[in-house]
Amino acid sequence: MKYILILCLCACFAACANKTESKMTNSSSAQNNSKKEVTQELKRYEFEIIRSFHHDPMAYTQGLFVHDGFLYESTGQRGESSLRKVDKETGKVLQKKELDAKYFGEGISLLNNEIFMLTWTEGKCFVFDLHSFNLKREYSYPGEGWGLTLAKDNSLIMTDGSNYLRYVNPADFSVKNTSAVYYLGSPVNALNEIERVGDLLFANIYTSDVIAVIDLNSHEMKGIIDCSELRKTLKDNPDAEAFNGVAFDETTKTFYITGKYWNTMFEIKVEDLF
């Protein structure tokens, strides 16, 4: 199971991982204290919970986006990975494509009626038809795949668990360039599931309940959305794991938020953004 213990900008960016396949980034106490002080200056975007509804508690959510009034979701874990079309009013799974058990599904993005889907350590990006979910082609890439979203120039933005963003050519999945995300000189690590809205990138910070708000012009983090209160509202959900999954609905200007094995999906409206 993919779970990581990462020391990021402050204590709210770190959570104790209790699963296998973990890694650790070490830093001194002095560095930690310095980063905590820096993080106190971060803008914290407030939000309103519009509603909540059922989310499949067996879905290890990796990627999420909204298209034509439906949610599209990818799930992970070998033997459980899938691509799904979900009713965003009820959370009912309307369509599902399972990956071969050797693959660990990761982030997804939509371009020209095709869904691009990453895998974690297998170095494969699968391209599925939006409507039929039939596999059309696949690409290879080095390293790990985590989150995926569409850039303004129709390239794909990809994360790998570090503070780097890869800008990828969707025609052959070659890397056009990379950019590192920082806040006041400190790397913003553990970038996971991502969603671009205009010139902003919203990124789940893995193992935390925080979404980083990143300016794509400067690649600086400009603030955070602390979603820890959403986890507190989960009921009868002892298996709930990492907060993950962020999708923006252009029609309502709201976000859909969930987590791995969460039994609830939330629709929220973030203040001071749009």
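Residue indices follow the written sequence of each chain, beginning from 1 at its first position. pLDDT decides what is reported in this predicted model: residues at 70 or higher carry local features, side-chain atom pairs at 80 or more are listed and counted, and totals for whole chains, interfaces and linings draw on all residues regardless. Working from all heavy atoms in the structure, the side-chain values ignore hydrogens and water.

1. Focus on the sheet that holds strand β12 (residues 156-159)
Strand order in the open sheet made by the 4 strands is β11-β12-β13-β14, with antiparallel pairing throughout. Pairing within the sheet leaves two strands with one partner each, and these edge strands are β11 (148-150) and β14 (175-180). Looking at each pair of strands side by side, their axes are set apart by 25° on average, direction ignored. Whether two strands pair comes down to DSSP finding at least two bridges between them. A run of H or I in DSSP becomes a helix once it reaches four residues, and a run of E becomes a strand once it reaches two; helices and strands are each numbered from the N terminus. Where strand β13 (residues 164-168) and β14 come together, 5 bridges link them in antiparallel fashion. Within the sheet, the bridge partner assigned to Tyr 167 lies in β14 and is Asn 177. Orientation is described by lines fitted to C-alpha atoms, with helices fitted over the stretch in contact, and by angles between N-to-C directions that extend from 0 to 180 degrees.

2. Digging into unusual backbone geometry
Even without glycine at this site, Gln 77 takes up a positive phi of about 80°. Within the fold, Gln 77 resides in the loop between β4 (70-75) and β5 (82-87). Taking the relative accessible area as the measure of exposure, Gln 77 reaches 7% and is therefore buried. Backbone geometry at Asn 113 places phi at a positive 60°, although glycine is not the residue there. With respect to the secondary-structure elements, Asn 113 resides in the loop between β7 (105-111) and β8 (114-119). Each residue gets one of three labels from its accessible area relative to the maximum for its type: buried under 20%, exposed over 50%, partly exposed in between, using a 1.4 Å probe on protein chains only.

3. Quick look at the pattern of salt bridges
Any Lys or Arg side-chain nitrogen found within 4 Å of a carboxyl oxygen on Asp or Glu counts as a salt bridge. For the structure on display, the rule yields 17 salt bridges. Of the charged contacts in the structure, one is a salt bridge between Asp 56 and Arg 84, with a shortest N-O distance of 2.8 Å. Placement of Asp 56 in the loop between β2 (47-54) and β3 (61-67) and of Arg 84 in strand β5 is noted, with a sequence separation of 28 residues between them. Classification of Arg 84 as buried rests on a relative accessible area of 3%.

4. Here we look at the layout of surface pockets
Only protein atoms enter the 1 Å grid used here. Points where a 1.4 Å probe fits but cannot escape make up a cavity, open sets with protein on both sides within 12 Å along at least five of seven lines make up a pocket, and a residue lines them when an atom lies within 4 Å of a point. Grid points are joined across faces, edges and corners, and a volume is the space filled by probe spheres set on the points. Of the voids in this model, the largest pocket is the one considered here, and its volume is about 470 Å³. Every residue lining the largest pocket is counted, 24 residues in all, and those nearest its centre are Phe 65, Val 66, Glu 195, Phe 248 and Glu 250. Counting residues per element, the ones that place at least two in the lining of the largest pocket are β3, β7, β11, β17 (191-197) and β21 (243-249). A breakdown of the residues in the lining of the largest pocket according to their chemical character gives 11 nonpolar, 7 polar and 6 charged. Residue type decides the class: Asp, Glu, Lys and Arg count as charged, Ala, Val, Leu, Ile, Met, Phe, Trp, Tyr, Cys and Pro as nonpolar, and the leftover types, Gly among them, as polar.

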